[in-house]
Amino acid sequence: MDFDAGLIDRLRTARRVAVFTGAGVSAESGVPTFRDAQTGLWARFRPEDLATPEAFRRDPVTVWNWYAWRRELIGAVQPNPAHRAIAGLQQRFAALTVITQNVDGLHQRAGSRDVIELHGNIGIDLCFECGRRGQSGAGTEVPPRCVHCNGRLRPGVVWFGESLPPSAWDSALECAQRADIFFCIGTSSLVEPAASLPHTARAAGAVLVQVNPAPTAHDAIAHHVLRGKAGLVMPALLQALERM
Ligand code: BV8
Ligand code: ZN
């Protein structure tokens with residue numbers, strides 16, 4: 001795979017790199033994306049039916065079971081070459097931060113050290129009532145109960161209508177504002193406020209690089225559009241940098 005010489009030159013001199021990822025970066029691990037018609041999680045469900053506090057209040061068993069199914073699926077998959085190449089990139093720059101919308105923890109399992117999870121992590125259980133961490137292993141009730149207040153446990157992810165963790169959002173914003181290069185990998189960039197980060201980065205002077213096999217809302221503002229699967233593009237980019 002060939003890359004634009006301008007991009008390679010910019011990567012050669014870049015000090016701060018941000019890698020903003022969505023479900024597409026985990027697609028080649030076998031984790032369904034949200035919107036892809038054939039495999040999309042939401043092809044069969046509507047987000048508002050499952051990924052909201054109202055849905056959990058209305059039908060905690062169905063919402064818990066949907067996340068339990070996703071958690072089991074994620075537990076059975078491995079990071080793919082895209083996750084590993086992104087982890088491999090971190091030693092080539094003074095600072096490389098992954099800002100992910102994904103809740104699957106695959107960047108960390110691939111070796112990425114500086115990961116901001118904007119939308120939480122599916123492996124964490126929190127009490128829906130008191131907010132404290134839970135352990136879903138005990139007992140057979142679905143959803144499991146909080147050992148502190150007996151409230152129902154929920155997945156530690158950010159649902160629609162819920163605020164992003166303030167520290168995660170603040171760190172992501174600062175990262176976008178200071179990045180020399182801002183990669184946008186495997187995201188349809190439709191969910192806010194996460195989708196505003198590429199705009200923030202570009203406005204602050206970052207070179208915006210879009211990696212996606214399909215067109216997205218952010219192609220128009222990208223300086224470089226690398227049309228392809230992340231599992232092919234990112235290892236090829238890492239190899240191109242290693243040849244420098
Ligand atoms: C907030 C965790 C405010 C849960 C997620 C009306 C009512 C209420 C809210 C809103 C509203 N209108 C707008 C909003 C705001 C809302 C929103 O943005 N809604 C959308 C639907 C319009 N946002 C929120 O509610 C956020 N909170 O705004 O709070 C607030 C303020 C103050 C006080 C209180 C509240 C919270 C949003 C977080 C939702 N949680 N995830 C879970 O996982 O179940 S979002 C979830 O969906 C993901 O985390 C991700 O962010 C998003 C999916 O997007 P993508 O990751 O991009 O995935 P997608 O399938 O869309 O695209 C995949 C891409 O990969 C495609 O482009 C495809 O081409 C590409 N691809 C495929 N294969 C590959 C590939 N790319 C590379 N390689 C491949 N091999
Ligand atoms: Zn509790």
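Keep in mind the model is a prediction, meaning the values are calculated, not measured.

Side note on the coordination of the zinc ion (ligand 2)
Ideal values differ by geometry: the angle at a metal is 109.5 degrees with four tetrahedral donors, but 90 or 180 degrees with six octahedral donors. Those donors, Cys127 (SG), Cys130 (SG), Cys146 (SG) and Cys149 (SG), are the protein atoms that reach the zinc ion (ligand 2), and they lie 2.1 to 2.4 Å from it. We note that the donor set of the zinc ion (ligand 2) lies within a single chain, spaced as C-x2-C-x15-C-x2-C. Taken together, the positions of Cys127 in strand 4 (residues 120-127) and Cys149 in the loop between strand 5 (133-134) and strand 6 (153-157) put the pair 22 residues apart, joining distant regions of the chain. Judged by its relative accessible area of 3%, Cys127 falls in the buried class.

Remarks on helix 7 (residues 81-89)
Three or four residues apart is the spacing at which side chains of an α-helix point the same way, because the helix has 3.6 residues per turn. Of all the nine residues making up helix 7, seven are buried; the element is thus mostly covered by neighbouring parts of the structure. Along helix 7, the residues classified as buried are Ala82, His83, Ala85, Ile86, Ala87, Gly88 and Leu89. If you follow the buried residues of helix 7, they end up packed against strand 1 (16-21), helix 2 (24-27), strand 2 (95-100), helix 8 (106-110), strand 7 (181-185) and helix 11 (230-242). By the N-cap criterion, in which a side-chain oxygen at the helix start approaches the backbone nitrogen of a residue two or three places on, helix 7 is capped by Asn80, the distance to Ala82 being 2.6 Å.

Let's talk about the side chain of Asp219
One can find Asp219 in the loop between strand 8 (207-211) and strand 9 (224-226). Overall, the relative accessible area of 17% leaves Asp219 in the buried class. Of note is the side chain of Asp219, whose polar atom sits 2.6 Å from the side chain of Arg227. Those residues in contact with Asp219 that lie beyond four places of it in its chain are Gln210, Ala214, Val225 and Arg227.

Examining the site of ligand 1
By nearness alone, 35 residues border ligand 1, and Arg35, Tyr67, Gln101, Gly161 and Ser188 come closest of all. At 2.8 Å, a side-chain N or O of Glu28 approaches a nitrogen atom of ligand 1. In isolation ligand 1 exposes 1,500 Å². Once the protein is present, 73% of that is buried. Within the residue set of the shell around ligand 1, elements represented by two or more residues are helix 2 and helix 6 (60-75). Counted by class, the shell around ligand 1 contains 16 nonpolar, twelve polar and seven charged residues.

What to know about the pairing of strand 4
With four bridges connecting them, strand 4 and strand 6 associate as antiparallel partners. Bridge pairing in strand 6 places Cys127 opposite Leu153. As paired elements, strand 4 and strand 5 share two bridges and run antiparallel to each other. Bridge pairing in strand 5 links Asp125 to Gly134.

Things to note about the packing of aromatic side chains
One pass over the structure, following the stated rule, counts six aromatic pairs. Look at Phe56 and Phe128: their rings are 4.8 Å apart centre to centre, the planes differ by 55°, and that puts the pair in the tilted class. Placement of Phe56 in helix 5 (residues 53-58) and of Phe128 in the loop between strand 4 and strand 5 is noted, with a sequence separation of 72 residues between them. Aromatic ring contacts, followed pair by pair, group Phe56, Trp66, Tyr67, Phe128 and Trp159 into a single cluster. Over the face of the ring belonging to Trp66 we find Arg70, whose NZ or CZ atom lies 4.6 Å from the ring centre.

Details of the environment of Ile122
Relative to the assigned elements, Ile122 resides in strand 4. For Ile122 and Leu190, which are 68 residues apart along the polypeptide, the C-alpha to C-alpha distance reads 20 Å. Ignoring anything within four residues of it in the chain, the contact list for Ile122 reads Tyr67, Arg70, Arg71, Ile74, Val103 and Val157.

Focus: the domain arrangement of the protein
Under the domain assignment used here, the protein contains domain 1 (1-31 + 79-119 + 164-244) and domain 2 (35-76 + 122-157). Computed from C-alpha atoms alone, the centre-to-centre distance between domain 1 and domain 2 is 28 Å. Counting from both sides, the interface comprises nine residues of domain 1 and, opposite them, seven residues of domain 2. Of the roughly 640 Å² buried between domain 1 and domain 2, counting both surfaces, carbon and sulfur atoms make up 61%. Taken together, the connections running from domain 1 to domain 2 amount to zero salt bridges.

Brief notes about the sheet that holds strand 9
The parallel open sheet is built from six strands, whose spatial order is 3-2-1-7-8-9. Of all the strands in the sheet, the pair left with one neighbour each is strand 3 (115-117) and strand 9. Strand-to-strand twist in this sheet, taken as the mean axis angle between neighbours without regard to direction, amounts to 20°. The sheet contact formed by strand 7 and strand 8 spans five bridges and is parallel. Considered in strand 8, the bridge of Ile181 is made with Val207. Where helix 7 meets the sheet, its contacts fall on strand 1, strand 2 and strand 7, and the angle it forms with strand 2 comes to roughly 150°.

How each quantity is defined
Residues numbered from 1 in each chain as written. Chains lettered and ligands numbered in written order. Predicted model: local features only at pLDDT ≥ 70, side-chain atom pairs only at ≥ 80, totals over all residues. Heavy atoms only, no water. Donors = N, O, S within 2.8 Å, 3.2 Å for Na, K, Ca; no water. Helix = DSSP H or I, 4+ residues; strand = E, 2+ residues; numbered from the N terminus. Buried < 20%, exposed > 50% of the residue type's maximum accessible area, 1.4 Å probe, protein only. Contact = heavy atoms within 4.5 Å. Polar contact = N/O pair within 3.5 Å; in protein donor to acceptor, adjacent residues only side chain to side chain. Near = heavy atom within 4 Å. Areas by Shrake-Rupley, 256 points an atom, 1.4 Å probe, with all protein chains shown as cover. Nonpolar A, V, L, I, M, F, W, Y, C, P; charged D, E, K, R; others polar. Pairing = 2+ DSSP bridges. Phe/Tyr/Trp six-rings, centres within 6.5 Å; stacked < 30°, edge-to-face > 60°. Lys NZ or Arg CZ within 6 Å of the ring centre and 35° of its normal. Domains from an automatic or database assignment. Buried area = accessible area lost by both parts, 1.4 Å probe. Salt bridge = Lys/Arg side-chain N within 4 Å of Asp/Glu carboxyl O. Axes fitted to C-alpha atoms, helices over the stretch in contact; angles between N-to-C directions.

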